[in-house]
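Structure at a glance
Listed here are the chains, written in short residue letters.
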Amino acid sequence: MNKLYSLEQNQRRRTAVPVGRIAIGQDFALIAGPCSVESEKQTILTAQLVKDAGANMLRGGAFKPRTSPYAFQGLGLKGLKILAKAREETGLPVVTEVIDPRDVGWVSEYADVLQVGARNMQNYSLLKETGKSGKPVLLKRGMTSTLDEWLNCAEYILAEGNPHVILCERGIRTFETYTRNTLDLSMVPAVKEISHLPVVVDPSHGTGRLSLIEPMSLAAVAGGADGLMIEVHYNPAEALSDKDQALRPEQFSRLAEKVLTLRKFLGSLDNAHAPV
Ligand code: PEP
Ligand code: MN
């Protein structure tokens, strides 16, 4: 049986997911913002700075899936309200994680895109609920998941009648310890070979190292990624989660300039080689 995620099943037409004024898959998604929503000041200031640098979407977690139950768990509803305010002030659509199927309904009232995190990739009841929500879903690859498993999780969402799935490669567990995860960029062209769904890359969780985020972002764009998701904090030293991988706004700004220039250059090559 041909699956809904397959390129063949979709008559080889690529899906573009509408989010605010952009369509991810057609337009490049530069998603940036803090790991966690910590306060109104932190979120709105960071949102303004990433927007000025060229980001077209804001990220920020209000529900955090933390390794330790004693670590900061996120602000919940208060965090969602802050994200809604940041959207109002900047015009940036918001992507935020939902970790519990029971929360999908009301989180959907605040989010433009629902994120299913790596730890929840195979939470089938969560996938079904996000499928029913009708909201675009950003589905992260599980840290020990194969491409086939990942695409089958996308299928759970598509099978509920929601065609708006964005895949996100965020690194997998390997024996390597220098990086937080091993960012598997081969998944970008691999996804495109067999699926019509757009795929974005998260080099922040994918490497966990500040110095590697820019080079891996450029590599992702060169490999055909439809977007990037990058953690930025106006003052990383103060961050309540993932402070070691948060770019300062000026670092993000330099990255954004290079990424958008590279993307434009590659687009001009495609146009030059388009059949007449
Ligand atoms: C996140 O993006 O905030 C996050 C927790 O990422 P991941 O699910 O990829 O670990
Ligand atoms: Mn994080």
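That block above? That's the structure.
Per chain, residue numbering runs from 1 following the sequence as it is written. As a convention, the first chain written is A and the first ligand written is 1, with the rest following in written order. pLDDT decides what is reported in this predicted model: residues at 70 or higher carry local features, side-chain atom pairs at 80 or more are listed and counted, and totals for whole chains, interfaces and linings draw on all residues regardless. The basis for every side-chain value is the complete set of non-hydrogen atoms in the structure, without hydrogens or water.

**What about the overall build of the chain?**
Helix and strand definitions here come from DSSP, where helices need a minimum of 4 consecutive H or I residues and strands a minimum of 2 consecutive E residues; each element is numbered from the N-terminal end. Across its full length, the chain carries nine helices and 10 strands. Radius of gyration means the value over C-alpha atoms here, while the globule rule gives 2.2 Å times the residue count to the 0.38 power. Rg of the C-alpha trace for the chain: 17 Å, near the compact-globule value of 19 Å for 276 residues, within the 12% margin. Here the C-alpha coordinates of the chain stretch approximately 50 × 40 × 40 Å along the principal axes. Taken across its 276 residues, the chain has 54% of its residues classed as buried. The contact rule is simple, with two residues in contact once any of their heavy atoms fall within 4.5 Å. Residue pairs at least 24 apart in sequence account for 70% of intrachain contacts in the chain once pairs closer than 6 positions are excluded. When the accessible surface of the chain is split by element, carbon and sulfur atoms take 52% of a total near 12300 Å². Charged side chains in the chain number 32 positive and 31 negative. The centres of these two groups are separated by 1 Å. Three exposure classes are used, based on accessible area relative to the maximum for each residue type with a 1.4 Å probe and protein chains only: buried under 20%, partly exposed in between, and exposed over 50%. Only the protein chains shown count as cover for residues, and all accessible areas are computed by the Shrake-Rupley method using a 1.4 Å probe. Positive residues here are Lys and Arg, negative ones are Asp and Glu, while His and the chain termini are left out of the count. By convention, the charge on Lys lies at NZ, on Arg at CZ, on Asp at CG and on Glu at CD.

**Observations concerning the site of ligand 1**
Neighbouring ligand 1 are Arg 59, Lys 64, Glu 97, Gln 115, Gly 117, Ala 118, Arg 119, Lys 140, Arg 170 and His 205. Within the contact set of ligand 1, an oxygen atom lies 2.8 Å away from a side-chain nitrogen or oxygen of Arg 119. Think of a polar contact as two N or O atoms within 3.5 Å of one another; within protein, one of them needs to be a possible hydrogen donor and the other a possible acceptor, and neighboring residues in sequence only count if both atoms come from side chains. In this structure, an oxygen atom belonging to ligand 1 sits 2.8 Å away from a side-chain N or O atom of Lys 140. In isolation ligand 1 exposes 290 Å². Once the protein is present, 97% of that is buried. Ten residues, namely Ala, Val, Leu, Ile, Met, Phe, Trp, Tyr, Cys and Pro, are considered nonpolar, four, namely Asp, Glu, Lys and Arg, are considered charged, and the remaining ones, Gly among them, are considered polar. For the shell around ligand 1, the residue count by class is one nonpolar, three polar and six charged. Whether a residue is near a molecule or strand is decided by its heavy atoms; if any one of them lies within 4 Å of it, the residue is near.

**Examining the coordination of the manganese ion (ligand 2)**
Around the manganese ion (ligand 2), the donor atoms from the protein are Cys 35 (SG), His 205 (NE2), Glu 231 (OE) and Asp 242 (OD), and they sit 2.0 to 2.4 Å away. For Na, K and Ca the donor cutoff is 3.2 Å, while for all other metals N, O and S atoms count as donors only within 2.8 Å; water does not appear among the atoms, so some sites may look incomplete. Of note, the manganese ion (ligand 2) draws all its donor residues from one chain, in the sequence arrangement C-x169-H-x25-E-x10-D. On the criterion of sequence distance, the pair formed by Glu 231 in strand β10 (residues 227–231) and Asp 242 in the loop between β10 and α9 (249–272) is long-range, its members being 11 residues apart. Assessed through its relative accessible area of 1%, Glu 231 is described here as buried.

**Topic: the pattern of salt bridges**
Criterion for a salt bridge: a side-chain nitrogen of Lys or Arg within 4 Å of a carboxyl oxygen of Asp or Glu. Applying the stated criterion across every chain yields a total of 13 salt bridges. Close ionic contact of Glu 129 with Lys 132 constitutes a salt bridge, the shortest N to O distance being 3.6 Å. Residue Glu 129 and its partner Lys 132 are located together in helix α4 (residues 124–133), separated by three residues, close to a single helical turn. Since its relative accessible area comes to 30%, Glu 129 is described here as partly exposed. Overall, the relative accessible area of 54% leaves Lys 132 in the exposed class. The shortest N-O distance in the salt bridge between Glu 214 and Lys 258 comes to 2.7 Å.

**Digging into α4**
Residues Leu 126, Leu 127, Thr 130 and Gly 131 constitute the buried set of α4. Each buried residue of α4 sits inside an arc of 140° when the element is viewed along its axis, so together they form one side. One or two residues past the end of α4 sits Gly 134, with phi positive at roughly 80°. In this context, the arc is that of the directions from the helix axis out to the C-beta atoms.

**Details of the state of the cysteines**
By convention in this document, the label disulfide applies to cysteine sulfur atom pairs within 2.5 Å. Tallied over the entire structure, the rule returns zero disulfides. Here Cys 153 is not disulfide-linked; the sulfur of Cys 168 is the nearest cysteine sulfur, at 14 Å.

**Thoughts on the nonpolar core**
Here, nonpolar core means buried Ala, Val, Leu, Ile, Met, Phe, Trp, Tyr and Cys residues that are tied together by side-chain atoms lying within 4.5 Å of each other. In this structure, Leu 139, Trp 150, Leu 167, Leu 228 and Phe 252 are the most contacted members of the largest nonpolar core, which totals 62 residues. With seven residues, the top contributor of residues to this core is helix α5 (residues 147–158). Apart from residues no more than four positions distant in its own chain, Trp 150 is found in contact with Met 121, Leu 139, Lys 140, Arg 141, Leu 167, Cys 168, Glu 169, Met 187, Val 191 and Val 199. Listed in part, the 14 residues of the second largest apolar core include Val 17, Ile 24, Met 57 and Cys 168.

**Brief notes about α9**
What a helix should span is 1.5 Å times the count of its residues minus one. For α9, spanning 24 residues, the distance from its first C-alpha to its last is 34 Å, which sits close to the expected 34 Å at 1.5 Å a residue. Of all the residues in α9, the buried ones are Pro 249, Gln 251, Phe 252, Leu 255, Ala 256 and Val 259. Each element contacted by the buried residues of α9 is listed here: β3 (29–33), α1 (40–53), α8 (210–222) and β10.

**Concerning the side chain of His 233**
Tracing the backbone shows His 233 in the loop between β10 and α9. Classification of His 233 by relative accessible area gives buried; the value is 2%. Of the polar contacts made by the side chain of His 233, one reaches the side chain of Glu 38; its length is 3.0 Å. A distance of 3.5 Å separates the side chain of His 233 from the side chain of Gln 42, its partner in a polar contact. Dropping the residues within four chain positions of it, His 233 is found in contact with Glu 38, Gln 42, Thr 46, Glu 238, Ala 239, Ala 246, Leu 247, Arg 248 and Pro 249.

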